[in-house]
Amino acid sequence: MMQFLAKAGLAVMLTAGTLAGTVAPAAAQFNIIIGEPDRGPPPEYRRVPPDYRRPPPPPGYGRPMRGCDPRLAEDMARDYGFRRARVVDITPRRVIVQGWTRRGPDEMSFANVRGCPALRRY
């Protein structure tokens, strides 16, 4: 009789272990839904309001320059042989650069448009 009770107890323990292993995955698939399951999040959860627009970028950011860049005019004057070239005047039509050449102090003017084309040397 003792062997029968030992075998029956072992069978009960194996059955209980097997049932416990199958109940945990089944419980993970159990969902409780309160309310309407088809509805999405409320509109307050949006990160960006729908009427928000980015401010425009600052002038000159990602756009070509409208006129002659003073640094470009100085670099072009150096290419023409000027030393210590510096911009002394910028008007709506011209960019004037002064510097030193082999002959002494000299001046050169560039058009105030994109690309800085040379106008004349004085």
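Everything below is about the structure shown above.
Rules and cut-offs
- Starting from 1, residues in each chain are numbered consecutively following that chain's sequence as written.
- Residue-level local features of this predicted model are given only where pLDDT is at least 70; pairs of side-chain atoms are given and counted only at 80 or more, and the full residue set underlies all totals for whole chains, interfaces and linings.
- Side-chain measures were taken over the full set of non-hydrogen atoms in the model, leaving aside hydrogen atoms and water.
- Numbered from the N terminus, helices here are DSSP runs of H or I no shorter than four residues, and strands are runs of E no shorter than two.
- Between buried and exposed lies partly exposed: a residue is buried under 20% and exposed over 50% of the maximum accessible area for its type, with that area taken using a 1.4 Å probe on protein chains only.
- Two residues form a contact once any of their heavy atoms are found within 4.5 Å.
- Areas reported as accessible are Shrake-Rupley estimates using a 1.4 Å probe. Residue values count occlusion only from the protein chains shown.
- In this description, one arc is meant: the one made by directions from the helix axis to the C-beta atoms.
- Two strands qualify as a pair provided that DSSP identifies no fewer than 2 bridges between them.
- Definition used in this section: a nonpolar core is a set of buried Ala, Val, Leu, Ile, Met, Phe, Trp, Tyr and Cys residues joined via side-chain atoms within 4.5 Å.
- Salt-bridge detection follows one rule: a side-chain nitrogen of Lys or Arg within 4 Å of a carboxyl oxygen of Asp or Glu.
- Here, a disulfide means two cysteine sulfur atoms that sit within 2.5 Å of each other.

Another aspect to go through is the overall build of the protein. Summing up its helical and strand segments, the protein has 2 helices and 4 strands in all. Tracing the protein from N to C terminus, the helices and strands come up as α-α-β-β-β-β. Classification of the 122 residues of the protein by burial places 17% in the buried group. The contacts of the protein with a sequence gap of at least 6 include a subset with a gap of at least 24, amounting to 28%. Carbon and sulfur atoms make up 58% of the accessible area of the protein, which amounts to about 10,900 Å² in all.

Turning our attention to helix H2 (residues 70-79). By the burial criterion, the buried members of H2 are Ala73, Glu74 and Ala77. Across the axial projection of H2, the buried residues extend over an arc of 100°, all falling on one side. In H2, the exposed positions that point more than 90 degrees away from the buried face belong to Arg71 and Asp79. Here the buried face of H2 lies against strand S1 (83-90), strand S2 (94-101) and strand S3 (104-111). Immediately downstream of H2, the backbone of Gly81 shows phi near 110°, a positive value.

Time to look at the pairing of S1. The sheet contact formed by S1 and S2 spans 5 bridges and is antiparallel. Along S2, the bridge assignment pairs Val87 with Val97. Joining the antiparallel neighbours S1 and S2 is a turn of 3 residues.

What follows covers the nonpolar core. Counting 10 residues, the largest nonpolar core consists of Cys68, Ala73, Ala77, Phe82, Ala85, Val95, Val97, Met108, Phe110 and Cys116. Every element with two or more residues in this core is listed here: H2, S2 and S3. Look past the residues within four positions of Cys68 in its chain and what remains in contact with it is Ala73, Val95, Ala111, Asn112, Val113 and Cys116.

Before going further, it helps to examine the pattern of salt bridges. This structure, assessed with the given rule, holds 2 salt bridges. Residue Arg71 pairs with Asp69 through a salt bridge whose shortest N-O separation is 3.6 Å. Here Asp75 ties to Arg78 by a salt bridge, and the two come within 2.9 Å at their closest N and O atoms. In this pair, Asp75 and Arg78 both sit in helix H2, 3 residues apart, roughly one turn of the helix. A relative accessible area of 40% places Asp75 in the partly exposed class.

A word on the state of the cysteines. In total, this model carries 1 disulfide according to the counting rule given. Residue Cys68 pairs covalently with Cys116 via a disulfide, S to S 1.8 Å. Taking the sign of the S-S torsion, about 110° here, the bridge from Cys68 to Cys116 comes out right-handed. Highlighted residues: Cys68 in the loop between helix H1 (2-28) and H2 and Cys116 in the loop between S3 and strand S4 (118-121), separated in sequence by 48 residues. Assessed through its relative accessible area of 0%, Cys116 is described here as buried.

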